[in-house]
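Spelled out, the chains give:
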Amino acid sequence: MWRGIEVVKNESDPKAPAHVELSEQLDDSVLMPGDVTIDVEFSSLNFKDGIALTGKPGIVRAPRLIAGIDLVGVVAQSSDDRFSAGQRVLVNGCGLSETHHGGFAERARVPGDWVVPVPAGISNHQAAAIGTAGFTAMLSVLAIERGGVSGEVLVTGAAGGVGSVAIALLNKLGYSVTASTGRESEHDYLRQLGATTIIDRAELSAEPKALMKQRWAGAIDAVGGSTLASAIAATEYGGTVTACGNAQSSELHTSVMPFILRGVSLVGINSVFTPRELRLEAWSRLERDLDLGSLESTTSTIGLSNTIAAGADIMAGRIRGRTVVDVHG
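Residues numbered from 1 in each chain as written. Predicted model: local features only at pLDDT ≥ 70, side-chain atom pairs only at ≥ 80, totals over all residues. Heavy atoms only, no water.

Q: What should I look at first to understand the pattern of salt bridges in this one?
A: Once their charged atoms are close, side chains differing in charge can pair, the charge on each being opposite to the other. Counting across every chain of the model gives 17 salt bridges. Among the ionic pairs, R320 bridges to E186, the shortest N-O distance being 2.7 Å. Of the two residues, R320 is situated in the loop between α10 (307-315) and β16 (322-326) and E186 in the loop between β10 (176-181) and α4 (187-193); the sequence distance between them amounts to 134 residues. For R320, a relative accessible area of 39% gives the class partly exposed. Residue class for E186 comes out buried when judged on its relative accessible area of 7%. R318 is the salt-bridge partner of D313, the closest N and O atoms lying 2.8 Å from each other. The partly exposed category is assigned to D313, whose relative accessible area is 26%. Residue R318 is classed as exposed on the basis of its relative accessible area, which comes to 55%. (Salt bridge = Lys/Arg side-chain N within 4 Å of Asp/Glu carboxyl O. Helix = DSSP H or I, 4+ residues; strand = E, 2+ residues; numbered from the N terminus. Buried < 20%, exposed > 50% of the residue type's maximum accessible area, 1.4 Å probe, protein only.)

If you want it as structure tokens, here you go:
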């Protein structure tokens, strides 16, 4: 028997909040089809997890599902020749906690194409600390690099999971970073990560003009809404802006002017359906380019029994950096 956090929808009232519970008596009969069975050790807490854990709609799309968009552990059994028992592996996204049982459990079974070996230089705990947030940050940095960006890069939602890892990566790679946050208490934290300039999110959250003064060569946005619109409007000629979140809003009211007069590129980042080769590249770069000491200083660890309450905290903006879930805790 093993434990997992289940989200149970109210089928008679689809608009009602789902019931979220820690189930103590699960067994392998509940696992979904897949080539690889994993003894899960760690997961992590992301904004999408917060939505699921608070019973809100939009993430879980099955009547009853184990939550958690990340998992890290050891292969128990595999019919896929690419993986063997005892191998350290991870899964980010790929439908976990949406249509397939996720990582907030002590056991998982998934298709082999979803599974990535944990890089040798990264521990399982560190891989969970990176999680979907860090993976998304790396995908964003890769897009910034492909755009030929050099110089100043804006990071919005800077104290969150994506923002924290993005700042650490950009700093290690030699970029100058402007960090946007609404929490003055996090300024020292952001400077420690490598931010050279900090601006209040209020500067970006007002409705922007079609074009604003050019301030940065690129931007990594995890917020959406008017913040993303402002980031685009203030990006320099030929710059690249990546969009990976909608914590502020999923709507984007902007103008074509930054694109046709300044040649700005807007690149969407989707960590759920990332092709396998790009997943492997991103994790290889995380092993090489992420300061793991910096990561550990921004990471806290909770047990599975505390995860439901932590979901409300991340939705309320009370969590800094990364949170690892020890599924045996």
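Q: Looking at this structure, how should I read the nonpolar core?
A: Buried together is how nonpolar side chains tend to be arranged in soluble globular proteins. Of all hydrophobic cores here, the largest spans 50 residues; its most connected members are I167, L169, L170, L190, W283 and L290. Of all the secondary-structure elements, those providing two or more residues to this core are α2 (124-146), β9 (152-155), α3 (161-172), β10, α4, β12 (216-221), α8 (276-289) and α9 (292-297). Take this core: its biggest share by element is 13 residues, from α2. Apart from the residues lying within four places of it in its own chain, the contact partners of L290 are I130, V165, A168, L169, R285 and L295. Judged by nonpolar contacts, the second largest core, of 34 residues, contains I5, V7, C94 and A310. (Core = buried A, V, L, I, M, F, W, Y, C linked by side-chain atoms within 4.5 Å. Contact = heavy atoms within 4.5 Å.)

Q: Is there a simple way to explain the side chain of R3 in this structure?
A: Position of R3 among the secondary structure elements: in strand β1 (residues 2-8). We classify R3 as buried; its relative accessible area is 14%. A distance of 3.0 Å separates a polar side-chain atom of R3 from the backbone oxygen of V327. When sequence neighbours within four positions are dropped, the list of residues in contact with R3 reads L22, S23, E24, L26, F104, A105, E106, L304, V327, H328 and G329. (Polar contact = N/O pair within 3.5 Å; in protein donor to acceptor, adjacent residues only side chain to side chain.)

Q: Explain the packing of α2 against α3 to me, please; I cannot follow it from the model alone.
A: Between two packed helices, what matters for the description is the angle formed by their axes and the separation of those axes. α3 packs onto α2 with a crossing angle of 50° between their chain directions and a minimal axis gap of 8 Å. With respect to their mutual orientation, α2 and α3 come out oblique. In the packing of α2 onto α3, the handedness of the crossing is right-handed. Contact residues: α2 offers A133, G134, T136, A137, M138 and V141, while α3 offers G161, V162, V165, A166, L169 and L170. (Axes fitted to C-alpha atoms, helices over the stretch in contact; angles between N-to-C directions. Parallel < 35°, antiparallel > 145°, perpendicular 65-115°, else oblique. Left-handed = near helix turned anticlockwise from the far one by under 90°.)

Q: Please explain the packing of aromatic side chains as it appears in this structure.
A: A ring pair, where both rings are aromatic, is described by two values, the distance of the centres and the angle of the planes. Here the structure, examined in full by the defined rule, presents zero aromatic pairs. Above the ring of Y189, the side-chain terminus of R320 is found at 4.4 Å from the ring centroid. (Phe/Tyr/Trp six-rings, centres within 6.5 Å; stacked < 30°, edge-to-face > 60°. Lys NZ or Arg CZ within 6 Å of the ring centre and 35° of its normal.)

Q: Which parts of the structure should I look at to understand the packing of α2 against α8?
A: Contact geometry for α2 and α8: axes closest at 9 Å, N-to-C directions at 105°. The orientation of α2 relative to α8 falls into the category roughly perpendicular. Residues A127, I130, G131, G134, F135, M138, L139, L142 and E145 of α2 form the contact with α8, whose own contacting residues are L278, R279, E281, A282, W283, R285 and L286. Residues of the contact of α2 with α8, tallied by class, amount to ten nonpolar, two polar and four charged. (Nonpolar A, V, L, I, M, F, W, Y, C, P; charged D, E, K, R; others polar.)

Q: Sorry if this is basic, but what is going on with the sheet that holds strand β13 (residues 235-243) here?
A: Strand order across the open sheet formed by six strands is β11-β10-β9-β12-β13-β14, with parallel pairing between neighbours. A strand with exactly one partner marks an edge of an open sheet, and here the two such strands are β11 (197-200) and β14 (265-268). Going from strand to strand, the sheet's axes swing by 20° on average, the running direction of each strand aside. Here four bridges tie β13 to β14, and the two strands are oriented parallel to one another. Each bridged residue has a counterpart across the sheet, and for A243 the counterpart in β14 is G268. (Pairing = 2+ DSSP bridges.)

Q: Would you mind showing me how to read the environment of G224 here?
A: Mapped onto the fold, G224 is located in the loop between β12 and α6 (225-233). Residue G224 is classed as buried on the basis of its relative accessible area of 3%. With 71 residues separating them in the primary sequence, G224 and L295 have C-alpha atoms 25 Å apart. Those residues in contact with G224 that lie beyond four places of it in its chain are G245, N246, Q248 and S249.

Q: Is there a simple way to think about a nonpolar patch on the surface in this case?
A: A surface patch of nonpolar side chains, amounting to about 440 Å² of accessible area, comprises L211, V256, M257, I260 and L261. Locating V256 in the fold gives a position in the loop between β13 and α7 (257-261). (Patch = residues over 30% accessible without salt bridge, like charges linked within 9 Å, V, L, I, M, F, W, Y side chains within 5 Å. Areas by Shrake-Rupley, 256 points an atom, 1.4 Å probe, with all protein chains shown as cover.)

Q: When you look at the sheet that holds strand β2 (residues 19-26) in this model, what are you seeing that I'm missing?
A: Through backbone hydrogen bonds, the strands of a sheet pair up, either in parallel or in antiparallel fashion. Spatially, β2-β1-β4 is the arrangement adopted by the three strands of the open sheet, whose pairing is antiparallel. Edge positions in the open sheet fall to β2 and β4 (64-66), since each of these has one partner strand only. Ignoring strand direction, the axes of neighbouring strands in this sheet form an average angle of 35°.

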